Amino acid sequence: MSFGAIIIGDEILSGKRVDRHFAKIAELLSVRGLRLAWAEYLGDERARITATLQRSLAAGDVVFCFGGIGNTPDDHTRQAAAAALSVDLVLHPDAEHEIRARFGAEITDVRLLLGTFPRGVEIIPNPFNRIPGFRVRDHHFLPGFPQMAHPMAEWVLDTFYAPLFAPQACVDKAFLLTGANAYESALLDLMERIVADFPALRLYSLPSMSDEGQRRYLELGVEGAPPLVDAAMESIRQEVERRGIRWQWRA
């Protein structure tokens, strides 16, 4: 299954707030042997959110959607999800229970709007303040607040996707290459050979530059099953040594 992330909010796109969701969901997946296949940032525009959800629902991916599930006029995710699913919005009984437990005698109809979700969904419990998110068809809708959303995302992964976890099945190793020939165009033939010889691995190259624009090193590595990674790294090591390129293991 492919995992994706949708991060919603004008405040992120405008730079008023720094996104913390992408790095966290990537981390939560990585420690479980999984990884993101894609991510999208969207503003608070209902039509665009709806179109994005229609596309992702049709693709069958596992999607974590952060933000926009509140009850203020700039929150559109609940309505967009309902439109994408072609259902109406209703007060979810489990969400109502959680919200009433949270507010007690101070409950109001406005607060109950926080539990008005597309018909047919399940709730995602919120350990921070009991205002739940919701899930449907491997799409998981979470608040924009990281202190709420991140433990909720972790709960979703551990509750529904544990059979996919393989934390020891994938490793990432890389060399830091320096010297006159330690740049991507000079090593393109080597990279192409590694990709051809080890098609099950992911190869990457990441040049590093100083603030003054001076080349520092090239990080060249592979990611995948440990035995294949070790074999590929040995092949890279032999070739860069033959070319007189200095190398060291990435810390």
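Keep in mind the model is a prediction, meaning the values are calculated, not measured. Residue positions are counted from 1 within each chain, in the order its sequence is given. Note on the predicted model: pLDDT of at least 70 is required for a residue's local features to be given, and 80 or more for side-chain atom pairs to be given and counted; whole-chain, interface and lining totals, by contrast, use all residues. Here the side-chain values reflect all heavy atoms present in the structure, with hydrogen atoms and water set aside.

### Structural notes on the UniProt feature "domain: MoaB/Mog" (unreviewed entry) in the protein chain
UniProt positions are given in the numbering used here, feature names are shortened, and annotations may be inferred rather than shown by experiment. Those residues carrying the UniProt feature "domain: MoaB/Mog" (unreviewed entry) are residues 4-164 in this numbering. Each end of residues 4-164 is marked by a C-alpha atom, and these two atoms are 15 Å apart; helix forms 42% of the span and strand 21%. Only DSSP runs of H or I with at least four residues qualify as helices, and only runs of E with at least two residues qualify as strands; both kinds are numbered from the N terminus onward.

### A word on helix α7 (residues 146-160)
Helix span is expected to be 1.5 Å times the residue number reduced by one. Between the first and last C-alpha of α7 there are 21 Å, a value that for 15 residues agrees with the 21 Å anticipated at 1.5 Å per step. For each residue, the accessible area found with a 1.4 Å probe, counting protein chains only, is set against the maximum for its type, and the residue is called buried under 20%, exposed over 50%, and partly exposed in between. Among the residues of α7, P146, M148, A149, H150, M152, A153, V156 and L157 are the ones counted as buried. By the convention used here, residues are in contact when the closest approach between their heavy atoms is within 4.5 Å. On the buried face of α7, the contacting elements are β1 (3-8), α2 (21-30), β3 (62-66), β6 (122-124), β7 (133-136) and β8 (139-142).

### Concerning the packing of helix α3 (residues 46-59) against helix α4 (residues 77-85)
Here the axes come from fitting lines to C-alpha atoms, over the contacting stretch only for helices, and the angles between their N-to-C directions go from 0 to 180 degrees. Look at α3 against α4: their axes get within 8 Å of each other, and the N-to-C directions meet at 45 degrees. The angle between α3 and α4 places the two elements in the oblique class. For the element pair α3 and α4, the recorded crossing hand is right-handed. Side by side, α3 and α4 meet where R46, I49, T50, L53, Q54 and L57 of the first sit next to Q79, A80, A81, A83, A84 and L85 of the second. Here the residues of the contact of α3 with α4 are counted per class, giving 8 nonpolar, 3 polar and 1 charged. Each angle receives one of four descriptions, namely roughly parallel if under 35 degrees, roughly antiparallel if over 145, roughly perpendicular if within 65 to 115, and oblique otherwise. Two helices cross in a left-handed way if the nearer one is turned anticlockwise from the farther one by less than a right angle. They cross in a right-handed way if the turn is clockwise. The classification used treats Ala, Val, Leu, Ile, Met, Phe, Trp, Tyr, Cys and Pro as nonpolar, Asp, Glu, Lys and Arg as charged, and all other residues, Gly among them, as polar.

### Some words on the environment of N181
Turning to its location among the elements, N181 is positioned in the loop between β9 (171-178) and α8 (188-197). N181 sits in the partly exposed class, given a relative accessible area of 36%. Along the primary structure N181 and N126 are separated by 55 residues, whereas in three dimensions their C-alpha atoms are 53 Å apart. Setting aside chain neighbours within four positions, we find N181 in contact with A186, L187, R243 and I245.

### Comments concerning α4
In terms of burial, α4 is a largely internal element, 7 of the 9 residues being buried. Those residues of α4 lying buried are T77, R78, A80, A81, A82, A84 and L85. Where α4 ends, the next residue or the one after it, S86, has phi of about 60 degrees, a positive value.

### Some remarks on the packing of aromatic side chains
Any pair of Phe, Tyr and Trp rings, taking the six-membered ring for Trp, is counted once the centres come within 6.5 Å. Such a pair is stacked with planes under 30 degrees apart, edge-to-face with planes over 60 apart, and tilted for the rest. In total, this model carries 7 aromatic pairs according to the counting rule given. Geometrically, the ring pair formed by F3 and Y161 is edge-to-face, given 5.9 Å between the ring centres and 80 degrees between the ring planes. Here Y161 lies in the loop between α7 and β9 and F3 lies in strand β1, a separation of 158 residues in the sequence. The class of F3 is buried, set by a relative accessible area of 2%. An aromatic cluster of three or more residues is present, and its members are F117, F134 and F141. It is R102 that lies over the ring of F103; its NZ or CZ is 4.8 Å from the centre. The rule is short: NZ of Lys or CZ of Arg within 6 Å of the ring centre and within 35 degrees of the ring normal puts a charge over the ring.

### Considerations on the packing of α2 against α7
Their axes nearest at 11 Å, the elements α2 and α7 cross at an angle of 25 degrees. Taken as axis vectors, α2 and α7 run roughly parallel relative to one another. Note on packing geometry: the crossing formed by α2 with α7 is right-handed. Across the interface between the two elements, H21, K24, I25, L28 and L29 from α2 touch P146, A149, H150, A153, E154 and L157 from α7. Tallied by class, the residues present in the contact of α2 with α7 amount to 7 nonpolar, 2 polar and 2 charged.

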